[in-house]
Amino acid sequence: MGLDVCGNSTALELIRKMIQKGREQRSIIIHGEKGLGKKQLARYIAASYLCSRHDGEPCGKCRSCTMVMHGTHPDIINVQANANGNYIVDDSIRPIVADSAVMPNESRYKVYIIPDLDRSVNTAVAVQNILLKLIEEPPAHVVIIMTARSKEIFLPTIVSRTLSLSVSCVSEQECMQYLRENTEQLSESQLAEAVSAGRGNIGRCLSYLEKDSFYDSVQAARALCDASVTRDGYSILAALHGVEGKKALARDCITLFGEIVRDACADRLGETDEKLSVSCYAQGARKLCSSLSASECARLYDTVCDYTGRIDANCNLSLTLNSFAAKLSQAV
Ligand SMILES: [Zn+2]
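Residues numbered from 1 in each chain as written. Predicted model: local features only at pLDDT ≥ 70, side-chain atom pairs only at ≥ 80, totals over all residues. Heavy atoms only, no water.

Next up on the list: the overall build of the chain. Looking only at helices and strands, one finds 15 helices and five strands in the chain. Overall, the C-alpha framework of the chain stretches about 65 × 40 × 35 Å when taken along its three principal axes. Of all 332 residues assigned to the chain, the portion counted as buried reaches 48%. Intrachain contacts of the chain at a sequence separation of at least 6 include 71% that bridge at least 24 residues. If you sum the accessible surface of the chain, you get close to 16,200 Å²; carbon and sulfur atoms cover 51% of it. On the chain, the mean spot of the 37 positive side-chain charges and the mean spot of the 39 negative ones are 3 Å from each other. (Helix = DSSP H or I, 4+ residues; strand = E, 2+ residues; numbered from the N terminus. Buried < 20%, exposed > 50% of the residue type's maximum accessible area, 1.4 Å probe, protein only. Contact = heavy atoms within 4.5 Å. Areas by Shrake-Rupley, 256 points an atom, 1.4 Å probe, with all protein chains shown as cover. Lys, Arg positive; Asp, Glu negative; His and termini not counted. Charge placed at Lys NZ, Arg CZ, Asp CG, Glu CD.)

On to the domain arrangement of the chain, then. Taken domain by domain, the chain comprises domain 1 (9–166), domain 2 (169–209) and domain 3 (212–331). Centre-to-centre, using C-alpha coordinates, domain 1 lies 36 Å away from domain 3. (Domains from an automatic or database assignment.)

Let us now look at the coordination of the zinc ion. The protein atoms donating to the zinc ion are Cys51 (SG), Cys59 (SG), Cys62 (SG) and Cys65 (SG), with metal-donor distances spanning 2.3 Å. Around the zinc ion, the four donor atoms are arranged such that angles at the metal cover 105 to 116°; this shape is classified as tetrahedral. Of note, the donors binding the zinc ion are all from one chain and are spaced C-x7-C-x2-C-x2-C. Accessibility expressed as a relative area gives 12% for cysteine 62, which makes it buried. Accessibility expressed as a relative area gives 0% for cysteine 65, which makes it buried. (Donors = N, O, S within 2.8 Å, 3.2 Å for Na, K, Ca; no water. Tetrahedral: all angles 85-135°; square planar, octahedral: opposite > 155°, others 65-115°.)

Moving on: the sheet that holds strand β3 (residues 110–114). What the five strands build is an open sheet, ordered β2-β3-β4-β1-β5; its pairing is parallel. The open sheet terminates on both sides in strands that have one partner only, identified here as β2 (76–78) and β5 (163–166). Neighbour to neighbour, the strand axes of the sheet diverge by 20° on average, direction disregarded. Sheet topology places β2 next to β3; three bridges connect them, and they run parallel. The partner of isoleucine 77 across the bridge, within β3, is tyrosine 112. (Pairing = 2+ DSSP bridges. Axes fitted to C-alpha atoms, helices over the stretch in contact; angles between N-to-C directions.)

Structurally, serine 64 can be placed in helix α3 (residues 63–70). One polar contact links the side chain of serine 64 to the main-chain carbonyl oxygen of leucine 50, over a distance of 3.2 Å. If we ignore the near neighbours within four places in the chain, the residues touching serine 64 are Leu50, Cys51 and His73. (Polar contact = N/O pair within 3.5 Å; in protein donor to acceptor, adjacent residues only side chain to side chain.)

What follows concerns the pattern of salt bridges. Overall, the coordinates contain 18 salt bridges when judged by the stated rule. Note that arginine 53 is salt-bridged to aspartate 55, the shortest N-O span being 3.2 Å. The exposure class of arginine 53 is exposed, given its relative accessible area of 52%. Owing to a relative accessible area of 30%, aspartate 55 belongs among the partly exposed residues under this scheme. The salt bridge partner of arginine 94 is aspartate 90, with a shortest N-O separation of 2.7 Å. With arginine 94 and aspartate 90 both in helix α4 (residues 89–99) and four residues apart, this pair spans about one turn of that helix. Residue classification places aspartate 90 among the exposed residues on the basis of a relative accessible area of 52%. (Salt bridge = Lys/Arg side-chain N within 4 Å of Asp/Glu carboxyl O.)

Written out as C-alpha cells, the structure reads:
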C-alpha cells in the first residue's frame, strides 16, 4: 500500500513545513467524515516523521518508508479498539503510557495512532483523561495521532495542546483519477457511477464499488427520496421498511437522505453551482426540488435532522422509523 494522500494539500503543506523547520507537532487530531482518508493521513504523517531523509514528506524508498508501506514499522503503534469500537483503557490505553517511556526501536520517534476515538462512546473521555499527562509533557520521542469524525468529541484541554487537521473531500476529477489508478478491471461507467454516489469521498466510492455498507445506504436513501417525491405515505413506509432492524444502515440512509434534501433546498434557493452539491443522488434532489415548495423543503430538512439525532440518541429503532415515516408523509 502506497503512502500517497489524495487532495488535502493544506494539511500536507503544514506537515512538510513543520518537519523542515524541525518543529514537529507531537499531538495531532485528524477529523472529518468517514471515508475521507483520516487513517491514510495519519499513516502519511507517521511516515513523514520517521523517513530517514526527514525532508518533509516520505521518500517511499528508505528502510523506514518501506516498513511503513508493509505495515511492519516497529515504531508505529496502531492502537486497537474492541469489536464495538470501544477502547478498553486497561487493555489498550494504559499500556501506551507505560510503553511511551521506552525509547523507539530504530527511529527518532515512536508514533501512537488511535483511530476513530468517536466510536469509543463509552470510554472516549476516560481515554483522553489517561492520555492528558502524556500529551501535556510528552517524552522527546513520543507522537500521538488521534482520529475522529468530529472534533467535538475531544476535551478542550486536549484540543488546546494538539494540532487539529481536518480532512476534506477531493474534487470529482481527482476522485475518478484515484479510482482509475487504484481499482482493477472496472469500466469507466462503473467508476462514474461510484463517483456520482460517493462524490469527492474516496472511501465512500470504494465502498460503493465493493457493494459494501455504503452501497446499501445509497440504495436505501435513493428509495426513500423516490418515495418522498411520490408524496405517498405507504411508499415512504415501504422504503423505510428496508432498514428496519439495522441501526447503522438506518442512520446512514437517513443521513444520506438528509444530504439529498439539503441539495434540493439549495436548488430551491437558486443555488445552481454543481460543485456545492453533496448528495449521492443529484437527480433525486432535482426531482424533490421540483415537487416541493421552498418552505416544504426546509421543513423536510428539519425533520430529517431531528430524526438523525433521535437515532443517535439510542431510541427504539422500529418506533422511531414509524414516527419518521409519519412525519415525512406530513412534511411532503
Ligand atoms: Zn523515506
